[in-house]
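Given next are the chains, with one letter for each unit.
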Amino acid sequence: MVQVSNIKVVLLDIEGTTTPLSFVKDKLFGYVRKNLRIHLEENFSNDEVQEDIKAIITTATTATTATATTTTSNTTNKSTLVENVIEIVTKLMDEDRKSTSLKQLQGHMFRQAFQSKAVVGEIYPDVLPFIQSVISKGSKVAIYSSGSIFAQKLLFGNTVNGDLSELITDYFDTTTGPKVQSSSYVKISQHLNVTPSEILFLTDLVQEAVAAREATLQAVLVARDDSRSVHDDELLPRVNEFTVIKSFDKIKIMTS
Ligand SMILES: CSCCC(=O)C(=O)COP(=O)(O)O
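All of these numbers come straight from a predicted model, not from anything done at the bench.

Cut-offs and rules
- Residues numbered from 1 in each chain as written.
- Predicted model: local features only at pLDDT ≥ 70, side-chain atom pairs only at ≥ 80, totals over all residues.
- Heavy atoms only, no water.
- Domains from an automatic or database assignment.
- Contact = heavy atoms within 4.5 Å.
- Buried area = accessible area lost by both parts, 1.4 Å probe.
- Salt bridge = Lys/Arg side-chain N within 4 Å of Asp/Glu carboxyl O.
- Polar contact = N/O pair within 3.5 Å; in protein donor to acceptor, adjacent residues only side chain to side chain.
- Nonpolar A, V, L, I, M, F, W, Y, C, P; charged D, E, K, R; others polar.
- Pairing = 2+ DSSP bridges.
- Helix = DSSP H or I, 4+ residues; strand = E, 2+ residues; numbered from the N terminus.
- Axes fitted to C-alpha atoms, helices over the stretch in contact; angles between N-to-C directions.
- Buried < 20%, exposed > 50% of the residue type's maximum accessible area, 1.4 Å probe, protein only.
- Near = heavy atom within 4 Å.
- Areas by Shrake-Rupley, 256 points an atom, 1.4 Å probe, with all protein chains shown as cover.
- Phe/Tyr/Trp six-rings, centres within 6.5 Å; stacked < 30°, edge-to-face > 60°.
- Right-handed = clockwise from strand over helix to strand, strands pointing away.

Caption draft 1: Fine view of the domain arrangement of the chain. Considered domain by domain, the chain is made up of domain 1 (2-19 + 121-254) and domain 2 (25-115). Between domain 1 and domain 2, the residue contacts involve 14 residues of the former and 11 residues of the latter. In total, about 1,100 Å² of surface goes out of reach between domain 1 and domain 2, with carbon and sulfur atoms giving 60% of it. In terms of surface lost to domain 2, no three residues of domain 1 exceed Glu15, Phe150 and Leu154, which account for 37% of the buried area on that side. Residues Lys27 and Glu122 are paired through a salt bridge, measuring 2.8 Å at the closest nitrogen-oxygen approach. Between domain 1 and domain 2 we count 3 residue pairs in polar contact (both at pLDDT 80 or more) in total. Within the side of domain 1 that touches domain 2, the residues separate by chemical class into 4 nonpolar, 7 polar and 3 charged.

Caption draft 2: Layout of the sheet that holds strand E4 (residues 170-172). Taken together, 6 strands build an open sheet; the order of strands is E4-E3-E2-E5-E6-E7 and the sheet is parallel. Across the chains shown, the open sheet's two edge strands, defined by having one partner strand only, are E4 and strand E7 (243-245). Ignoring strand direction, the axes of neighbouring strands in this sheet form an average angle of 25 degrees. Two strands pair when backbone bridges link them, and strand E2 (residues 9-12) and strand E5 (residues 199-203) are joined in this way by 4 bridges, in the parallel orientation.

Caption draft 3: The arrangement of the pairing of E2 in detail. Of the two faces of E2, the one lined by Val9 and Leu11 and the one lined by Val10 and Leu12 are each fully buried. Pairing geometry for E2 and strand E3 (residues 140-144), over 4 bridges, is parallel. Bridge pairing in E3 places Val9 opposite Lys140.

Caption draft 4: Region of the structure containing the site of the ligand. Close contacts around the ligand come from 15 residues, with Lys98, Lys103, Ser145, Ser146 and Lys179 the closest. Between the ligand and the protein, one listed contact pairs an oxygen atom with a backbone N or O atom of Glu15 at 3.0 Å. Between the ligand and the protein, one listed contact pairs an oxygen atom with a side-chain N or O atom of Lys179 at 2.6 Å. For the ligand, whose accessible area on its own is 400 Å², the fraction buried by protein is 99%. Put simply, the parts of the chain that give the shell around the ligand at least two residues each are helix H1 (21-42), helix H4 (100-115) and helix H6 (149-157). Classifying every residue of the shell around the ligand gives 5 nonpolar, 4 polar and 6 charged.

Caption draft 5: Focus on unusual backbone geometry. The backbone of Lys117 sits at a positive phi, close to 65 degrees, despite the residue not being glycine. With respect to the secondary-structure elements, Lys117 resides in the loop between H4 and helix H5 (127-136). On the basis of relative accessibility, which here comes to 60%, the residue Lys117 falls in the exposed class.

Caption draft 6: Summary view of the packing of aromatic side chains. Taken as a whole and judged by the stated rule, the model has 3 aromatic pairs. A ring pair is formed by Tyr144 and Tyr185, whose centres lie 5.3 Å apart and whose planes are at 75 degrees; its orientation type is edge-to-face. On the criterion of sequence distance, the pair formed by Tyr144 in strand E3 and Tyr185 in helix H7 (residues 182-192) is long-range, its members being 41 residues apart. This pair shows no difference in class: Tyr144 is buried, exactly as Tyr185 is.

Caption draft 7: Representation of the pairing of strand E6 (residues 218-222) in the model. When you tally the buried positions in E6, you get 4 out of 5 residues, the bulk of the element. Pairing of E5 with E6, which is carried by 4 bridges, proceeds in the parallel orientation. The residue bridging Thr203 from the neighbouring strand is Leu221, located in E6. With helix H8 (residues 206-214) bridging E5 and its parallel neighbour E6, the resulting β-α-β unit is right-handed. Bridging between E6 and E7 involves 3 bridges; their strand directions are parallel. Counterpart to Leu221 in the pairing with E7 is Val244.

Rendered as structure tokens:
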């Protein structure tokens, strides 16, 4: 059992930490891949979709990596724009990019997925008891994910365990900054009005744990059976710098 003390907020990553990778990759992202064309075509004139299209095109034209090579055009022609956006979004998703524009679009598409019950939010069985125990000790629970805040609220509002969104006091996404940058965690602690060391960050990605620790948060790695960096041999030296738990029931928040 890992004991942590002096914690006012527990900050949770989603993919691989609260929620199975397979759910995010296959069900959520799978829904986007399958329904992107129909979403764009049927809702093309909506302000929200127009904003999403503009943002995606901006990402493609300003990206410094391979995505920038995608052909974009200045056209307002519907079918050309739809084809362009599908090409860019597919490429961004293939590269598992965390671009804010991609995450905004995905989040808007998840609304239909959750409302129609085509998708129901999955969390690991130990997550809800842990959240309840954190709250019972007077600490708060917040989320920091690359998924948009809109998407995060949909996920926690529509889980297999019911609506958990009210148990979470604050949500953060890439509009605060990338999860691999320590400045993002400084901003989060300022927003939460606590000192960084009073935040416990749980993630399956060592690069995120490193950034959080640089900002002096307490960071613990979560090594689920399907987790990402904890099973990457190249990252092992960095992983070994952290406390690693297999599930949330291995962590105990001590009241001061
Ligand atoms: C409903 S949130 C969707 C998750 C997502 O889009 C994502 O990129 C996962 O990012 P995380 O930072 O939670 O690993």
